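Below are the chains, spelled out letter by letter.
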2 protein chains.
Amino acid sequence: MVGLSSLMQIGELSERAGVSHRTIHYYERLGLVEPAEREGTGYRYYDEIALKRLEKIAALKRLGLSLDEIAAVIDLYFEDASGIRGKERVLEILQAQLDKTNTQLDELSTFKRDLENNIARMLGLIAQARQK
Amino acid sequence: MVGLSSLMQIGELSERAGVSHRTIHYYERLGLVEPAEREGTGYRYYDEIALKRLEKIAALKRLGLSLDEIAAVIDLYFEDASGIRGKERVLEILQAQLDKTNTQLDELSTFKRDLENNIARMLGLIAQARQK
DNA sequence: ATAGAACCTGACGTTAGGTGTAGATTTGAC
DNA sequence: GTCAAATCTACACCTAACGTCAGGTTCTAT
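Notes on the structure in this doc start here. Here the structure is a predicted model, which is why all the values come from computation and not from measurement.

Turning to the protein's contact with DNA strand C, a few remarks are in order. The full set close to DNA strand C counts 20 residues, and R38 and Y43 of chain A together with S20, R22 and T23 of chain B are the nearest of them. Looking at DNA strand C alone, sugar and phosphate atoms form 71% of those within 4 Å of the protein. Between a base nitrogen of DNA strand C and a side-chain N or O atom of R22 of chain A, the distance comes to 3.1 Å. Those elements that provide at least two residues to the surface near DNA strand C are helix 1 (10-17) and helix 2 (21-29) of chain A together with helix 2 (21-29) of chain B. Ranked by the residues each element gives to the surface near DNA strand C, the list is headed by helix 2 of chain B, at four residues. For the surface near DNA strand C, a count of residues per class yields seven nonpolar, eight polar and five charged.

In structure tokens, the structure reads:
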């Protein structure tokens, strides 16, 4: 194969993104990433956008979104604005997601306070145990 | 059975906690909840603490903790402080969790900003589409 | 032209977190 | 005492998100 100079194969993408190639195949079946090129041969060739998508997917996963939910919003990050179909629908998804996010932020802050209190308590108990 | 007047059966607990009785059985196997009473007969009888535990479990799940991680910290919320074994170990778990929580808070805030930007963009596009 | 690395597909395995179901037992009401 | 509702145990099954394995193809270097 010639003329794909700026593209990378799945091995490099996999390594740079920190996910296995089987995971990339899996994501492809779910419509989350696509190779930029794929001629008759079968080999997949990816551009930098694919890498960014994988990174975005990882970030959204850390936030607790399922792959299905990610599939529903990820194009917002990569499609050019004018091309977005079903804007109202997308807007709904975003609003719902924002609500969830706000709740999650609240709960997380509370959890953090709890953790900090518990840590302080633990430290106290440990110091006390040492003293005797 | 008599004398368990202030206790409830699994059906009531299940309903009040909003989880199935099968889930409660499952949690019991993982050591997350226990009936307050269980005589020879086999029936489980729960107190209000069990309900609080289930609610706490749900909250921790929403924060993205696995059931195993929850098992590691939940007693902090219910055991009396003096009874906590392996304080150093618990402290480590808490510290690690706090780090994770801080990262998660950051990512979540970023995500929220992204969402808000996307929402604004969508609203703009929709208004524009209406105008023409 | 050939070896070895990289890649392909398809089928099956795995873990977490449950749900479904069947057949037996217990309970509470009458 | 009897009957329906609630519960019990045990086993099987389910989905999400991958990982493993096997056998075959393609690429690159020499």
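Moving on, there is more to tell.
On to the side chain of R53 of chain A. All names here are of chain A. Take R53: it is sitting in helix 3 (residues 48-62). In terms of polar contacts, R53 uses its side chain to reach the side chain of D75, at 2.9 Å. Those residues in contact with R53 that sit more than four places away from it in its chain are G31, L32, V33, I74, D75 and F78.

As a further point, take the protein's contact with DNA strand D. What surrounds DNA strand D is a group of 20 residues, the closest being S20 and Y27 of chain A together with R38, Y43 and R44 of chain B. Protein-adjacent atoms of DNA strand D, using a 4 Å cutoff, are sugar or phosphate at a proportion of 79%. Note that a phosphate oxygen of DNA strand D is positioned 2.8 Å from one of the side-chain N or O atoms of Y27 of chain A. H25 of chain B places a polar side-chain atom, nitrogen or oxygen, 3.2 Å from a phosphate oxygen of DNA strand D. Those elements that provide at least two residues to the surface near DNA strand D are helix 2 of chain A together with helix 1 (10-17) and helix 2 of chain B. When residues of the surface near DNA strand D are assigned to their parent elements, the largest contribution, four residues, is made by helix 2 of chain A.

Cut-off values and rules
Residues numbered from 1 in each chain as written. Chains lettered and ligands numbered in written order. Predicted model: local features only at pLDDT ≥ 70, side-chain atom pairs only at ≥ 80, totals over all residues. Heavy atoms only, no water. Near = heavy atom within 4 Å. Polar contact = N/O pair within 3.5 Å; in protein donor to acceptor, adjacent residues only side chain to side chain. Helix = DSSP H or I, 4+ residues; strand = E, 2+ residues; numbered from the N terminus. Nonpolar A, V, L, I, M, F, W, Y, C, P; charged D, E, K, R; others polar. Contact = heavy atoms within 4.5 Å.

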